[in-house]
Protein chains: 4
Amino acid sequence: MIKTAIIGGSGYGGGELLRLLLNHPGTEVTQVTSRSHLGEYVYQVHPNLRKRTMLKFCDPDQVEPVDILFLALPHGQAMKKIQKYAELAPQIIDLSADFRLKDETTYQQWYGSPHLAPEWMPKFVYGLPELHREEIRHAQYISGVGCNATAANLALMPLVKAELIDLDQPVYVEIKVGSSEGGAEGNAGSHHPERSNTVRTFSCFGHRHTAEVMQEMHLSKVALTMTSVELVRGALATVHAAAKSAVTMKDLWAAYRTVVNENPFLRLVHEQRGIYRVPEPKILAGSNFADLGFDFDPQNGHLISICAIDNLMKGAAGTAIQCMNLMSGMDETTGLEFTGLHPI
Amino acid sequence: MIKTAIIGGSGYGGGELLRLLLNHPGTEVTQVTSRSHLGEYVYQVHPNLRKRTMLKFCDPDQVEPVDILFLALPHGQAMKKIQKYAELAPQIIDLSADFRLKDETTYQQWYGSPHLAPEWMPKFVYGLPELHREEIRHAQYISGVGCNATAANLALMPLVKAELIDLDQPVYVEIKVGSSEGGAEGNAGSHHPERSNTVRTFSCFGHRHTAEVMQEMHLSKVALTMTSVELVRGALATVHAAAKSAVTMKDLWAAYRTVVNENPFLRLVHEQRGIYRVPEPKILAGSNFADLGFDFDPQNGHLISICAIDNLMKGAAGTAIQCMNLMSGMDETTGLEFTGLHPI
Amino acid sequence: MIKTAIIGGSGYGGGELLRLLLNHPGTEVTQVTSRSHLGEYVYQVHPNLRKRTMLKFCDPDQVEPVDILFLALPHGQAMKKIQKYAELAPQIIDLSADFRLKDETTYQQWYGSPHLAPEWMPKFVYGLPELHREEIRHAQYISGVGCNATAANLALMPLVKAELIDLDQPVYVEIKVGSSEGGAEGNAGSHHPERSNTVRTFSCFGHRHTAEVMQEMHLSKVALTMTSVELVRGALATVHAAAKSAVTMKDLWAAYRTVVNENPFLRLVHEQRGIYRVPEPKILAGSNFADLGFDFDPQNGHLISICAIDNLMKGAAGTAIQCMNLMSGMDETTGLEFTGLHPI
Amino acid sequence: MIKTAIIGGSGYGGGELLRLLLNHPGTEVTQVTSRSHLGEYVYQVHPNLRKRTMLKFCDPDQVEPVDILFLALPHGQAMKKIQKYAELAPQIIDLSADFRLKDETTYQQWYGSPHLAPEWMPKFVYGLPELHREEIRHAQYISGVGCNATAANLALMPLVKAELIDLDQPVYVEIKVGSSEGGAEGNAGSHHPERSNTVRTFSCFGHRHTAEVMQEMHLSKVALTMTSVELVRGALATVHAAAKSAVTMKDLWAAYRTVVNENPFLRLVHEQRGIYRVPEPKILAGSNFADLGFDFDPQNGHLISICAIDNLMKGAAGTAIQCMNLMSGMDETTGLEFTGLHPI
């Protein structure tokens, strides 16, 4: 049994990690921390865990050494104490944005302040197995992934790997997201009467996750446009790109089939019948699948690629567990078998 | 033109009053106050009013005299300064709970602290025209109504007026409410991911509006059970009561037809066909109608009475405007003609 | 490995059974039938099962013998061919209403037509382990449970077992349900613009599940009032009953603790802090838990008991799998470990 | 009083027309037709109109002459009998798609079958006042507008009029829509459990409304990508376009201010504070406003323009009434004063 602990267990990412680790056959959770909920049962904050665990939140300063340490802190916290955390565990998986980017200058440009532990940046592998599976198998430190970046990266991956996009043309990524993406802390805009039924574009350009898409897809002209919709869990990325001139529908089928065959959590959804013909986030709640779809207008060379995920699973905790499985030599899908629900 | 002002215009009740007054042919709004939004355009807080008014929020200490003053403050505020407000206007309509109850002791029992202006309590008429129309016509001071109390009172009114209920048996009122009822200030439970999709019973007994039902319906054994559901505007009250022994379905039809005929904003919904056979709050959003329905199980003497309202309209601002119309000698329905939308 | 097949696999109950059986460590699904989707992959109808199974729907007339046969047909179908189904398997679990009631006359009274296989009625055990665990362990034929009946029965069970209710007084059960309860076939009222945001009371008295509550709880004066709310999965039953005169809060705590300790899928939710203080169906989506809560007004002797379930799980397929586990000598919770999600 | 009648009054467009005409000070509705609901009260289908009108649905073959005839039939019906309808009224406003396009060949290309009354096509003016106000004032026949086309056209209008877009580059329009857009007839995908919580892209390219955008904006390289979201009323169009090289933020402000000043139902939403900083459809339910917003990334020349509408109002019935007002010499905004609700 791998011994794990979670620093920062009262948020949505931490709660999802906890749910997954408690049900994982190869791991044991020894401690979960929260300053604000110190001493409370974790099920008082994560009510789905009632009768599943009697763990209580403990003090982050009293964490004992473990095999793998998960950090699920607000952005900017992990880098402050990364040295200390490294003393607690030989392997760390950090869900925050602190160690996703490879370049100190890029970090400052997108996050608006200098990185506090730049020497640690190269030690982390970007934790998306679909892009870095082999590195992750041998990694000591794994960064989490941005949920929107993940939806965008997985939508782009088949096109980029097969070199189907004209990179001189801009790539526009429209992303629709649920409210859990904002985290467990409320704000004026997340008050139910204001947030309900919204179709609210909260970022036209400049969303921080853009940096992860540029880095991982090696794209320079890419924009993420973010719109909140009525949904709790889920994100859908729609890529609009210009195809290279010779691209055919056949090339697209080949590109998507390849990535789907190589990756256990990618599925291609491209049906001619039934209700579910395209990727949709709602049926992915709780699942680690990322569903991919595409369409192509040969007349205008307009490529559309779609990726649906559960932002808390494939976009955060699920992918982190997938990385843990790879790092530990377990089957990549262990503990991530939940298929999602229908209807929901 | 009646000159009006609103003290406390940034909340949901105040915003709804403002919307109604701006569209009312007989009134003019001279000032709207808000300390927290001082100097902002009202449309920055109430975005539906953009291009309809260039009013800005002003300081509550700088309100000029008007004909009718509306108070839309948090509970407990109006009674602190009622003397001062009375100097600003000959007529006052207060949306808060401060002057709804007639009895100082009852107030303390339900609100947990002594009333600060008990000498003003008898000066106020309980502002539900369906119960106190004639008094309201000649009133100087009107209290608002509790939204849940209104749904319960209007569901009970036909049964109570026609004396169909066995008052020795308890009356259970199950109320399902939308999130706007909690007001414009958020809390942990109103954060969208937590509040969405809920069916959350937040009060089994002891809800403060119970006092208004006891007072207005002259009932002693009545309980309000409050459950939040996924909805922004709307409340549905379902009354369960025991019928007196001789009651028939015919008596019920007569009782409901009477109240519906006597009151322009009451409608009876009791259809045998179509989708909308019973009262439903969703089609009442923005409307001042209260829809009533009933059913009866003669075998067990079980009476069910249902009332659906928009909590911000018939349950608050709409009824306040209805009172204003009566107090001013205008047609009771002026400015309240909006029928609600379908579908929605 | 227990060999199972599902007759009628395209509906919501059948789909949920399939999801559970495919993930169950002790079972194998050999066939799933559907006339209307004959030859289609099951994942085309149940999109969550994509990449999990390559099963196709087969002809119901070509089902091969299995160890346990699940029937997930529309009401009234199972009893027509029960003899034929019994030839296919030594054990049958029927999700429909056909074999829930013990009495032919009662069946006709509530379902409006004569039972077509009355001689089979006594052969079936009512499939709610919380009420009939030992019988189920040795049963050959198990009836499914009504979802609303289950929410009501589990809310009533602690009170009835501990004999806390005054049975001379009526028991009112208010039930709020999601749209999946209506099944996979649409109708005018389930069209999204009409069904969205509803709080729609579709049955004041006389809901068929009432018969299951009367039978299982041995109650005569009980009414179920059914209201649709905005939710896909989930049901919440709120019982209003009169306490016997000597009942105390301590008796209630004891009664609920007893049933919760004796039953792995019952949980007591009665918190003084946090957001989730009472049972709520939303966090149960996909889970087999039934969450119980209660409150008591000693002054009026008013008892409230609340039960939240996922109607497709504890209210249908989950309980059926729980029965299968008991019948097969497996641990009662096998394959039912999913805890539900938070947030959702 | 202008006498009006509605052919096809049981759908959502017809119901919305009826609501508006009944509240319009200058019109009278003499007849509303429906074959399927013949003889029923209109409030049985449109429950918001209860106690507002006692009109019943009549036979479409028994419509008497009126001043203005509204056609709210399914697509393809109006053109079959346009000659007959023209004998009933000197002025016709047709909400369907039959007379929106100017070119017979284009019609066949997008609608897949030949136009049945091509000689009538040039007689109709495209009924969007923001584009054709003066023609509409003097028109005899007005075509309705496509709701998605309207959101796209109004988002594009400021950019196109001010000639800010590089027309050699493709224009991508992402449109998110509510379920009422599909009309009052249900289908498998509109069943509430399947349609709820969706983010479902139902058309990547080739949506019929594209033809209206090409025609009205004189664009050739434009694609509409349609995604259903959880919402009943509302559409949000997001235009992605490439700016001409010299374009500045100042040019954009000027372009939007111009169209907003010239059109009573256009509003610019571009705030730095508060919750509602950008256009959102939810606050427009029932309102005829179209809210516009924009953003610009000068580094990449990426223009974003956003338009939110209520698809049944500005996208259908509201715009039709606006046209009626212009045709009749009334103030353009008469009967369309409802501001929408907040919160909702």
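What counts, and at which threshold
Residues numbered from 1 in each chain as written. Chains lettered and ligands numbered in written order. Predicted model: local features only at pLDDT ≥ 70, side-chain atom pairs only at ≥ 80, totals over all residues. Heavy atoms only, no water. Helix = DSSP H or I, 4+ residues; strand = E, 2+ residues; numbered from the N terminus. Rg over C-alpha atoms; globule rule 2.2 N^0.38 Å. Buried < 20%, exposed > 50% of the residue type's maximum accessible area, 1.4 Å probe, protein only. Contact = heavy atoms within 4.5 Å. Areas by Shrake-Rupley, 256 points an atom, 1.4 Å probe, with all protein chains shown as cover. Salt bridge = Lys/Arg side-chain N within 4 Å of Asp/Glu carboxyl O. Expected span 1.5 Å × (residues − 1). Arc of directions from axis to C-beta. UniProt positions renumbered as here; feature names shortened; annotations may be inferred.

**Some remarks on the overall build of chain A**
In terms of regular secondary structure, chain A is built from 10 helices and 14 strands. Computed over its C-alpha atoms, the radius of gyration of chain A comes to 20 Å, within 12% of the 20 Å expected for a compact globule of 344 residues. Taken along the three principal axes of its C-alpha coordinates, chain A extends 60 × 45 × 40 Å. Per-residue burial for chain A yields a buried fraction of 69% across its 344 residues. A sequence separation of at least 24 residues applies to 69% of the contacts in chain A between residues at least 6 apart. Of the roughly 11200 Å² of accessible surface on chain A, a fraction of 50% belongs to carbon and sulfur atoms.

**Concerning the pattern of salt bridges**
All names here are of chain B. Taken as a whole, this structure holds 64 salt bridges over all chains when the rule is applied. For Arg 137, the salt bridge goes to Glu 134, with nearest N and O atoms at 3.1 Å. Highlighted residues: Arg 137 and Glu 134, both in helix H5 (residues 129–137), separated by three residues, approximately one helical turn. Assessed through its relative accessible area of 46%, Glu 134 is described here as partly exposed.

**Things to note about helix H9 (residues 249–262) of chain C**
Residue and element names in this part refer to chain C. Under the 1.5 Å per step criterion, the end-to-end length of H9 is 20 Å for 14 residues, consistent within 8% with the ideal 20 Å. Listing the buried residues of H9 in full gives Leu 252, Ala 255, Tyr 256, Val 259 and Val 260. Buried residues along H9 cover an arc of 125 degrees about the axis, so they all sit on one side. Exposed side chains of H9 directed beyond 90 degrees from the buried face belong to Lys 250 and Asn 261. Buried residues along H9 sit against helix H6 (147–161), strand E12 (266–268), strand E13 (290–297) and strand E14 (302–309).

**Quick word on the UniProt feature "active site" (unreviewed entry) in chain A**
Residues and elements named next belong to chain A. Sites flagged by UniProt as "active site" (unreviewed entry) map to Cys 147. Among the secondary structure elements, Cys 147 is positioned in helix H6 (residues 147–161). Under the relative-accessibility criterion, Cys 147 is labelled buried at 11%. Beyond its immediate chain neighbours, meaning those up to four positions away, Cys 147 contacts Glu 181, His 209, Ile 309, Asn 311 and Gly 315.

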